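Examination of the molecular architecture
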Amino acid sequence: IAVEQAGYALEYADKKLKGDKEVVLAAVKQDGSALAYADEKFKADKEVVLSAVKQDASALAYADEKLKADKKFMLAAVKQNASNFQYADDSLKKDKEVVLTAIKQDGSALEYADNSFKKDKKIVLAAVKQFGKGKGYDYDKSPLAHADNSLKKDKQIVLDSIKQYGGALEFADDSFKKDREIVLEAVKNSSHAIDFADDSFKEDKEIMLEV
């Protein structure tokens, strides 16, 4: 009854009850972070951990390292919530299937992918198109922020990025901050994008009317 009302109450339970699956499941379903107080065996239990991360993605931080390196498990986890990808073992951050699964949930997951994918135009474009479609949407995590510098100079990627979120202009190559077409598109989408444009555009009437 206690953990069904407040999952974190598991912290104060007797050791025997922290090793009781029924109690632990009830706790993590109410508060995923309660996984931290469960018996170690449950941190490697797929059912318990998936129940925890379904409630709170950050609960994956408490999971057994073997689970974080288990491809099948991590695919299920990132399908639940793309932010779970950040806890994946480094070997899976280099796995194209896992990376694509994550960014198809939310493009901001590109932040945690291996650097090789941040240089891949197709991967970055896919991330840009899916940006913000998952849980835990954060404008500051625009895929353009994490793309390789070579792709921050790619007009198609920059245009697609600012059409999703004008403020992504902040992460574009400086040459685009002086590009009138790009700046106009950015401020039409998000007025505060003007903060990242070249100062000369603050005297441009058409652009300032969009702000």
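Residues numbered from 1 in each chain as written. Predicted model: local features only at pLDDT ≥ 70, side-chain atom pairs only at ≥ 80, totals over all residues. Heavy atoms only, no water.

Here we take up the environment of lysine 21. With respect to the element layout, lysine 21 can be found in helix 3 (residues 21-30). For the pair formed by lysine 21 and glutamate 47, sequence separation is 26 residues and the distance between their alpha carbons is 10.0 Å. The contact partners of lysine 21, leaving out residues within four places of it in the chain, are Phe42, Asp45, Glu47 and Val48. (Helix = DSSP H or I, 4+ residues; strand = E, 2+ residues; numbered from the N terminus. Contact = heavy atoms within 4.5 Å.)

If you trace the backbone, aspartate 31 turns up in the loop between helix 3 and helix 4 (46-55). Notably, aspartate 31 is buried but unbridged: the nearest opposite-charge side chain belongs to lysine 43, and the N-O separation is 13 Å. Here serine 33 takes part through its side chain, which lies 2.7 Å from a polar atom of the side chain of aspartate 31. Those residues within four positions of aspartate 31 in sequence are excluded, and the remaining contacts are Gly7, Tyr8 and Gln55. (Buried < 20%, exposed > 50% of the residue type's maximum accessible area, 1.4 Å probe, protein only. Lys, Arg positive; Asp, Glu negative; His and termini not counted. Salt bridge = Lys/Arg side-chain N within 4 Å of Asp/Glu carboxyl O. Polar contact = N/O pair within 3.5 Å; in protein donor to acceptor, adjacent residues only side chain to side chain.)

Take the nonpolar core next. Counting 67 residues, the largest nonpolar core has Val49, Met74, Phe85 and Leu169 as the members making the most contacts within it. Among the secondary structure elements, those contributing two or more residues to this core are helix 3, helix 4, helix 6 (71-80), helix 7 (96-105), helix 8 (121-130), helix 9 (143-146), helix 10 (155-164) and helix 11 (180-189). With near-sequence residues (within four places) excluded, methionine 74 lies in contact with Leu60, Leu67, Lys68, Asn84, Ala88 and Leu92. (Core = buried A, V, L, I, M, F, W, Y, C linked by side-chain atoms within 4.5 Å.)

On to the packing of helix 4 against helix 6. Two numbers describe how helix 4 lies on helix 6: the axes approach to 10 Å, and their chain directions differ by 20°. Accordingly, the angle class assigned to the pair helix 4 and helix 6 is roughly parallel. Along this stretch, helix 4 crosses helix 6, giving a crossing that reads as right-handed. Contact residues: helix 4 offers Lys46, Val49, Leu50, Val53 and Lys54, while helix 6 offers Phe73, Ala76, Ala77 and Gln80. When the residues that make up the contact of helix 4 with helix 6 are grouped by side-chain class, the tally is six nonpolar, one polar and two charged. (Axes fitted to C-alpha atoms, helices over the stretch in contact; angles between N-to-C directions. Parallel < 35°, antiparallel > 145°, perpendicular 65-115°, else oblique. Left-handed = near helix turned anticlockwise from the far one by under 90°. Nonpolar A, V, L, I, M, F, W, Y, C, P; charged D, E, K, R; others polar.)

Once their charged atoms are close, side chains differing in charge can pair, the charge on each being opposite to the other. Within this structure, the stated rule accounts for 13 salt bridges. The shortest N-O distance in the salt bridge between lysine 21 and glutamate 47 comes to 3.0 Å. Linking lysine 21 in helix 3 with glutamate 47 in helix 4, this pair joins segments that are 26 residues apart in sequence. The shortest N-O distance in the salt bridge between lysine 71 and aspartate 95 comes to 3.1 Å. A residue pair is termed long-range when its members are at least 10 positions apart, and lysine 71 in helix 6 and aspartate 95 in the loop between helix 6 and helix 7 qualify at 24 residues.

Our focus in this paragraph is helix 11. Among all positions in helix 11, only Ile182, Val183, Leu184, Ala186 and Val187 are buried. The inward-facing, buried residues of helix 11 contact helix 10 and helix 12 (205-210). Two or three places before glutamate 181, at the start of helix 11, stands the capping residue aspartate 179, its side-chain oxygen 3.0 Å from that residue's backbone nitrogen.

Two elements in contact, helix 10 and helix 11, have axes separated by 8 Å at closest approach and are oriented at 20°. Comparing their axes, helix 11 and helix 10 come out roughly parallel. Pair helix 10 / helix 11 crosses with left-handed handedness. Contacts between helix 10 and helix 11 pair Lys155, Val158, Leu159, Ile162, Lys163 and Gln164 from the former with Glu181, Ile182, Glu185, Ala186 and Asn189 from the latter. Its residues assigned to classes, the contact of helix 10 with helix 11 comprises five nonpolar, two polar and four charged.

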